[in-house]
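A structural walkthrough
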Amino acid sequence: MRLARAYLSRVAEPYPADLAALVAEVGPIEAAERVRTGEISPTVASQTSARRAEEHAQADLDLIAERGGRLVIPEDEEWPRWPLLALENISGHRCGGEPLALWVRGPHFLADAVDKAVAVVGSRASSGYGEHVAGEFAYGLASAGMTVVSGAAYGIDGAAHRGALSAEGLTIAVLACGADQAYPGGHQGLLAKIAREGLIVSEYPPRVMPARHRFLTRNRLIAALGGGTVVVEAGRRSGAKNTAAITLALGRPLMVVPGPVTSASSVGCHELLRDGRAVSVSSVAEIVESVGRFGDDLATEPAEKESDLGAPQGEAMRVYEALGKRSGVSDEVVSVESGVPLERVRALLPELELAGLALQVDEGWQKLEMR
């Protein structure tokens, strides 16, 4: 069974609707044999004839095992049945249905990982504001026990993965290439960490390289594995808007983070809001309420600023105490003085500024006294 699905996942480019129908009719083993011998309909032949002689199933399974991964198939208990089942209801639309198999790396049970999950996506050409929000939201979601699903791209995706990992939470990277590939190259270290601590998921077998059309196909899996989607930043023409459209077709909650009206990175977000297709979110609690269990995850009223309640707590207090009293200091100096990781310092400093406890000056960051 596993060899058959491994073979089928390589011979057809996702999503092969006619091949999937054949598998549903006769089962994967018989479907694989028919593809090999060419005893198939013209429509299935058009999807498989170019690669049907590529017998790499065992080699693919061995390679993914060497990389600490496995092939997860619909016959496994690990298969995320309910999240992916919704794809069948919209398979006639733009994105395609349930995948034939999923190539997975990482120590977690996939079905459990997506039981409480939310997709966080956005522009590759992100702003500092967008990356800050994505990282903080992902950190908060992971801290609340939610799995953060994204696409491992530069910009918002990368910030979301890093935020979840910083909280020692679970994140899933869905790739538009083989699960053994480090793409984009600049995220090689990030993907290696996700493979150790989270999950890497792909519809494509090992050694398959990324291509433009594969990103659009990949987006349907991001939308399906998340109980809802948060778009942090998106231009007018953005892959994140494609994921948003699939989310809506699936009947899942679509959430948008508003941005500055002058920002080209947020034009797509504002269009979704203006058209009434998405709801605005400005806190982790609002996201959890939108995708959480009914009655269990309601958002509370926004808390007052830390400066109104007294001193900041935990890492925020350590960062605050490391700020310069009479002149600004760099975030690197703050990190060394406070013992807080630099990435976390850069996330906390804007929060302290919003709370009226820090001021960014030419030299860096300066402490403002609490009132």
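Throughout what follows, the structure given in this document is the object of discussion. Within every chain, residues take consecutive numbers counted from 1 along the sequence as written. Reporting of local features is limited, given that this is a predicted model, to residues whose pLDDT is at least 70; pairs of side-chain atoms are given and counted only at 80 or more, and all residues count toward the totals for whole chains, interfaces and linings. No hydrogens and no water enter the side-chain calculation; it runs on all heavy atoms of the structure.

What counts as a helix is a DSSP run of H or I of at least four residues, what counts as a strand is a run of E of at least two, and both are numbered from the N terminus. Looking only at helices and strands, the protein chain has 18 helices and 11 strands in total. Compactness check: the protein chain gives a C-alpha radius of gyration of 23 Å against a globular reference of 21 Å for 371 residues, within 12% of the reference. Overall size of the protein chain, expressed as C-alpha extent along the three principal axes, is 80 × 45 × 35 Å. Residue exposure (1.4 Å probe, protein chains only): buried if accessible area is under 20% of the type maximum, exposed if over 50%, otherwise partly exposed. In the protein chain, which comprises 371 residues, the share counted as buried stands at 54%. By definition, residues are in contact when any of their heavy atoms lie within 4.5 Å. Taking all contacts inside the protein chain whose residues are at least 6 apart in sequence as the whole, residues at least 24 apart take part in 73%. Per element, the accessible surface of the protein chain, about 16800 Å² overall, is 50% carbon and sulfur. Distance from the positive charge centre (37 side chains) to the negative charge centre (48 side chains) of the protein chain: 5 Å. Note on method: radius of gyration uses C-alpha positions; expected globular size equals 2.2 Å times residues raised to 0.38. Values of accessible area rely on a 1.4 Å probe in the Shrake-Rupley scheme; residue burial ignores everything except the protein chains shown. For the charge count, each Lys or Arg is scored as positive and each Asp or Glu as negative, with His and the chain ends excluded. Taken as the charge centre is NZ of Lys, CZ of Arg, CG of Asp or CD of Glu, depending on the residue.

Two faces, one strand: in a regular strand the side chains alternate between the faces of the sheet. Among the 5 residues of strand S5 (residues 171-175), 5 are classified as buried, and the element is accordingly described as predominantly covered. Alternating positions in S5 separate into two faces, Thr171, Ala173 and Leu175 on one and Ile172 and Val174 on the other, with burial throughout. Here strand S4 (residues 147-150) runs beside S5; their pairing, made up of 3 bridges, is parallel. Its bridge partner lying in S5, valine 149 is registered against isoleucine 172. For two strands to be treated as a pair, DSSP must find at least two bridges joining them.

Looking now at the sheet that holds strand S1 (residues 69-72). The 9 strands are arranged S1-S2-S6-S5-S4-S3-S7-S8-S9 in an open sheet whose pairing can be described as mixed. Unpaired on one side and paired on the other, S1 and strand S9 (279-280) mark the two borders of the sheet. Inspection of the sheet shows strand S3 (residues 117-121) paired to strand S7 (residues 229-231) by 3 bridges, in the parallel sense. Paired with valine 121 across the two strands is valine 231, which belongs to S7. Helix-sheet contacts for helix H12 (residues 239-249) involve S3, S7 and strand S8 (254-256), and the interaxial angle to S7 is about 150°. To define axes, lines are fitted to C-alpha atoms, for helices over the stretch in contact only, and angles between the resulting N-to-C directions are given on a 0 to 180 degree scale.

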